[in-house]
Structure formats: structure tokens, C-alpha cells
Amino acid sequence: MKFGLFYELQLPKPADRDQWGPDAERRIYHDMLEQVALADSLGFDYVFEVEHHFLEEYSHSSAPELMMAALSQRTKRIRLGHGIVLTPPAYNHPARVAERIAALDILSDGRVEFGSGESASDMELGGFRVERRMKKAMWEEATREIANMMVQTPYEGFEGEFFTMPTRNVVPKPLQKPHPPLWVAASRRETTMVAARLGMGSLGFGFETPEELGERALEYYRLVREELMPIGHAINPALAVLNTFMMADTDEEAMRRSANGPAFFSYSLGYYYNPAVGGRHQPGGSNVYRDFLNRSEETSTVQAQRGGFLTAAEIASGEPNDEIQKALYRAARSGNAIGTTETLRRTLLKYEAQNLDVMIFVAQCGDRKHEHIMESIERFGKELLPEFKERHETKHKAWRADQLKGVDAVINSSV
Amino acid sequence: MAKASDIRDAALRGDLETAFAAMRAGKGAEAVRACAAAYLAFIDRFPEVKAETIPLRGREVSRLLRWPALGANMDPDSVRAGKPEIAFERDRFSVSEAMTYYQFVLDEILAKEKGT
């Protein structure tokens, strides 16, 4: 199993004021640069950063290509992942995406992971006039053509449903051939299976349990073997999942440092993605963090203070059926990668046993402190990463090679 | 493992095999129509699903409303009337949309046939 960090660049407003301090955004951007540089030096494999727009407090990461460009010059080995680029053409013209991905691939000496998706929040869809009911079709058309642009010389042009473009040579071309590994955001099991059939890595945002992962990994790889219909020119067989992350000397201290980060992550995600709630957001005027503290006692500091997270059995008995609601519930309550070195080892071994390819940690969330995140990255990098890396090279790669026997598509994957 | 070939009901299996072949050929719309036909046939085959509910955002809704709303949408009025219909709001569908419908119908049929 490989490991990565995941960034939304969350920035809760102060509960007692209506706006952030003048230095707040500068601080989280520079904190991220420092955190990823440390992770790179310790051998973390990936950093993934979202693209979101207008989701105040939940995500201030609207130009991830710039952060990635900065990181490409401050890091040596870590893979730079878009998790994800919004590819419906109203957000980003497909040619501009192809150009930016290729330029970043060159700047980083071939370290780009190209994740794509379409978002589901009213704030973003409405802000860019993207029709909700067409967004998946837009995503597919644009993503397929972006892959073509990175490969064809010249790009033959396209007359599509959502964008048209005459023949042009889209330059530069990426360093990785035929193009960087492709990923797609997958909050539901169905989407993971779509990813498999399209030959894309599945960036799982569902906070899946190890038990769920076992079945999902086997099915995912079976579909890659048996039902592949690649969207690009190379496939990226890879299954990744998110988990909230914080380490300390004791489980209790890790939970205290975790603060209400996971609960705010979950609350603010639900706030923007539930049309009934997100639609009431007042741009520039709402205070989501204050709402969170006032309205969700169960998932706020009170929960963290009284001992934190629920057990797997408690989660299973109380969680909603709907997959998106379930993901939110788990994001706030599971605390799977929060604790001591031994606690994390126990948890992560379960994921490893189920053949997960990549575990991605959400460290920066809510009002967690930079120094606690740095300490956790360092502790994980020194105390746990080496043993998992060794088993990845010796055992997991052999398992994966076995899963991919008989697949005759071109593969470009960093797993 | 969830394969169309695992479906016991021959007619339902045939519908999904048709959908799969259309996806392979890049014919998203044809595949979605085959999935919709399969799902309505599934409801006929297992009419008890019309009475089943699932919790969604704090209320109980018909299980049939889990059908993905990507342009071929389950009509809620028809569900309430006990005669479910799927309304097509457009003619073109992408392959990934077809895959989403296909996976949904496949999982639903196999779950019901296995009694889970």
C-alpha cells in the first residue's frame, strides 16, 4: 500500500467574527507547501489536491495547478495529484486542461497524476452555469478529448455535444507517455466500477472500511481484466481511499489534536453538497464554522471532548444507507487513522490485507494546527511508512501483477 | 463478483447483455434504454420491491427512487401510483452514464436473486 496526503485547503472562519484575518489564506497555502515538502523528504508517495470554487471555508483550493507548480519546485519524488480537475468545459476548456497537465508534468519531471471529475455542489455548478443533469456526460466527453490532445500531433479536432474545436497541435506534450495516470473521483461504489471499466484509478471519497475494500478491490480488478473500455490511451489500475489522519503519543492526545477537523470536514461538505442546505449559503456572508458549532452538537467539539470516535460496530449500526450520507457520517466519526503508531499500524494492516493500492490521509481539515499536522507527518514517515513500503514492493506488486495478467492495454500507473 | 452471466432470470440476463454489448460499441443511449427496460422488467419480476423503502435524508422513500437520475429518470408520480415509469429527458447518453445505470441494475437484480 502506498500513502498520500489530501488537501481541500479548509479555512473555517473564526466563530466570533464574520471574516478571516488578513493573513489566514496566505498561512494555509504556505503551511501546505511546508507539509508536502516534509512528506516528500520522508518518502510519502502522493499529494492530491482538489479543485473547488466558491466553497468558502470548506475549500479554498480553486487553482491547484499553481500549488502543484510551486510544489514541483520544492519536492523531488512525491507524485503531484490533481484530486481532481473539474473537466466539464464550462469550468475549464479541455485544451487548457491538457496544456496545464502537460506543463506541470514537464516542470515536475513526470510526476503528475491527472484526476478528473465534475463536482456536485450548487455553488459550483450554478456559478459556472453547468447543468447538473448533464455534468457526467460533459465530464466524459471532455476527459476523453483531453487524453486525445495529450497524445495526438496534431489534435484532430472535435465536434462534440459540449465543446467543439478545430484541428490544432496542443502543446506542450506531457513527459509521461502516452499521458499521466488517469483517475476519477468516486464517492459511490457504482462510480468505482465505472472507473474500472474506463481504465481509470478510483479516488474513493467514501471512507470505505477494510471489509468493504476487500470485495471492491477484487471486483475492480476483475472489471479491469474482463470489461475494460479505456477512456484514455493508457490505463491506470488503482484503488485509493481517504481517511482522516492525526498521530500523537496516545490515542487520546491524537483525538484532542484532531479536534473537530473531521467533523467540520463532514459538516461543511454536507452543507455545500446538499442542495437544500448549500442553496441557502450567502456568498461572503455566511459563517459555516459558527453554524457547525451551533447546530451540530453531536459532531462538533463536544464529541471530540467526550472521547471522540465511534467503534466500527457502532458506526455500522448507526450509519445511513445512502452512500453519500454514509461517507459524510464516516468522515466525521470513524477516526480510522487517528491515534498512536500502534493504533494506526493495526488499522492500516487491515487495509493492506484487503489489497488497497493507495491510502490517502486527510490531515489538513477544520481548525487543526499546522504543528500537529507536521508532527504527524513526521511520525508516520519515520515510524510506519518504511515497513509498508517494503511490503508494497515485495507483496502488493506481485498481487497486482497477478490481477493484471492478461490485460493487454497500455498501462501507465505509479502504483 | 457481479456479472450479467450470474443472473438466473434469462430475460433479465438478456436485457443486461444487450446493454453491455451497446456499451462496448460506444452506444450509450442504446445501453441506457436496455438498462431501463431491464429495471422495469425486474420490478415486474419482483413486484415486492415496489413496497420497499430506504431512508434518505431523514425520511423513508421508495427503493425505486434510488434509480440514478442522469437523464433517464424514475417518475415519482408513477412510483406512487404503483406503475413505475422511466422518463427520458434526452436522447443522448454517454458511455459512463450507461455504465452507471448498468452497474445499478446489475447490483439490484443480483441482490434480489440472492435474497440480500
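Residues numbered from 1 in each chain as written. Chains lettered and ligands numbered in written order. Predicted model: local features only at pLDDT ≥ 70, side-chain atom pairs only at ≥ 80, totals over all residues.

A. How the structure looks around the overall build of chain B. The secondary structure content of chain B amounts to four helices and four strands. Computed over its C-alpha atoms, the radius of gyration of chain B comes to 14 Å, within 12% of the 13 Å expected for a compact globule of 116 residues. In terms of principal-axis extent, the alpha carbons of chain B reach across some 40 × 30 × 25 Å. By residue count, 36% of the 116 residues in chain B fall in the buried class. Look at the contacts in chain B between residues 6 or more apart in sequence, and 56% of them connect residues 24 or more apart. (Helix = DSSP H or I, 4+ residues; strand = E, 2+ residues; numbered from the N terminus. Rg over C-alpha atoms; globule rule 2.2 N^0.38 Å. Buried ≥ 20, exposed ≤ 12 C-beta atoms within 10 Å, placed from the backbone. Contact = placed C-beta atoms within 7 Å.)

B. Representation of the overall build of chain A. For chain A, the helix and strand inventory stands at 17 helices and 11 strands. Of the contacts made within chain A by residues no fewer than 6 positions apart, 78% connect residues no fewer than 24 positions apart.

C. Examining the interface of chain B and chain A more closely. At the interface, 19 residues of chain B touch 17 residues of chain A. Considering each element in turn, the side of chain B that touches chain A owes the most residues, seven residues, to helix H4 (residues 95–114) of chain B. Along the lines of polarity and charge, the residues of the side of chain B that touches chain A split into 11 nonpolar, five polar and three charged. (Nonpolar A, V, L, I, M, F, W, Y, C, P; charged D, E, K, R; others polar.)

D. A look at unusual backbone geometry. Residues and elements named next belong to chain A. Residues Gly-83 and Ile-84 are joined by a peptide bond in cis, for which omega reads 25 degrees. Here Ile-84 is to be found in strand E3 (residues 79–86). Residue Pro-154 follows Thr-153 across a cis peptide bond; omega there is -10 degrees. On the secondary structure map, Pro-154 appears in the loop between helix H5 (135–151) and strand E5 (158–159). The phi angle at Ser-119 is positive, at roughly 65 degrees, despite the residue not being glycine.

E. Structural view of the environment of Tyr-29 of chain A. All names here are of chain A. Position of Tyr-29 among the secondary structure elements: in helix H1 (residues 24–42). Using a count of 16 C-beta atoms within 10 Å as the deciding quantity, one classes Tyr-29 as partly exposed. Separated by 32 residues in the primary sequence, Tyr-29 and Ser-61 have C-alpha atoms spaced 8.9 Å apart.

F. Representation of the pairing of E3 of chain A within the structure. Residue and element names in this part refer to chain A. Counting buried positions along E3 gives eight out of eight residues, so the element sits mostly inside the fold. Examined bridge by bridge, strand E2 (residues 46–49) and E3 share four bridges and lie parallel to one another. Of the residues in E3, the one forming a bridge with Tyr-46 is Arg-79. Viewed along the sheet, the connection from E2 through helix H2 (residues 64–72) into E3 turns out right-handed. As judged from the five bridges shared by E3 and strand E4 (residues 112–117), these two strands associate in the parallel manner. The residue of E4 that forms the bridge with Leu-80 is Val-112. One crossover worth recording links E3 to the parallel E4 by way of helix H3 (residues 94–107), and it is right-handed. (Pairing = 2+ DSSP bridges. Right-handed = clockwise from strand over helix to strand, strands pointing away.)

G. Molecular detail of the environment of Lys-389 of chain A. With respect to the element layout, Lys-389 of chain A can be found in helix H17 (residues 385–403). Lys-389 of chain A sits 387 residues away from Lys-2 of chain A along the chain, and the two C-alpha atoms are 6.7 Å apart.

H. Seen up close, helix H1 (residues 10–24) of chain B. Residues and elements named next belong to chain B. Its 15 residues give H1 an end-to-end C-alpha distance of 21 Å, which sits within 8% of 21 Å, the value for a rise of 1.5 Å per residue. Next to the buried residues of H1 lie helix H2 (28–45) and H4. Phi turns positive, to about 75 degrees, at Gly-26, one or two residues after H1. (Expected span 1.5 Å × (residues − 1).)

I. Structural context of helix H6 (residues 189–198) of chain A. Residue and element names in this part refer to chain A. Taking burial as the measure, the 10 residues of H6 include nine buried ones, the bulk of the element. Within H6, the full set of buried residues consists of Arg-189, Thr-191, Thr-192, Met-193, Val-194, Ala-195, Ala-196, Arg-197 and Leu-198. In the segment just after H6, Gly-199 is the residue with positive phi, at about 75 degrees.

J. Inspection of the nonpolar core at higher detail. Residues Ile-360 of chain A together with Ala-19, Cys-35, Ala-98, Tyr-102 and Val-105 of chain B are the most contacted members of the largest nonpolar core, which totals 141 residues. Tallying contributions element by element places H4 of chain B first for this core, with nine residues. Dropping the residues within four chain positions of it, Cys-35 of chain B is found in contact with Ala-19, Ala-98, Tyr-101, Tyr-102 and Val-105 of chain B. (Core = buried A, V, L, I, M, F, W, Y, C linked by C-beta atoms within 7 Å.)

K. Fine view of the packing of H5 of chain A against H4 of chain B. Remark: H5 of chain A packs on H4 of chain B, axes separated minimally by 8 Å, with the N-to-C direction vectors making an angle of 125 degrees. Relative to H4 of chain B, the element H5 of chain A is oriented oblique. For the pair H5 of chain A and H4 of chain B, the contacting residues are Lys-136, Ala-137 and Glu-140 of chain A in the first and Val-95, Ser-96 and Glu-97 of chain B in the second. Of the residues belonging to the contact of H5 of chain A with H4 of chain B, the class tally is two nonpolar, one polar and three charged. (Axes fitted to C-alpha atoms, helices over the stretch in contact; angles between N-to-C directions. Parallel < 35°, antiparallel > 145°, perpendicular 65-115°, else oblique.)

L. Structural view of the confidence of the model for chain A. Averaged over every residue, the pLDDT of chain A is 91; the share at 70 or more is 89%. Below pLDDT 50 for its whole length, residues 299–308 of chain A participates in 19 contacts with residues either more than four positions away or in separate chains. (pLDDT = per-residue confidence, 0-100.)

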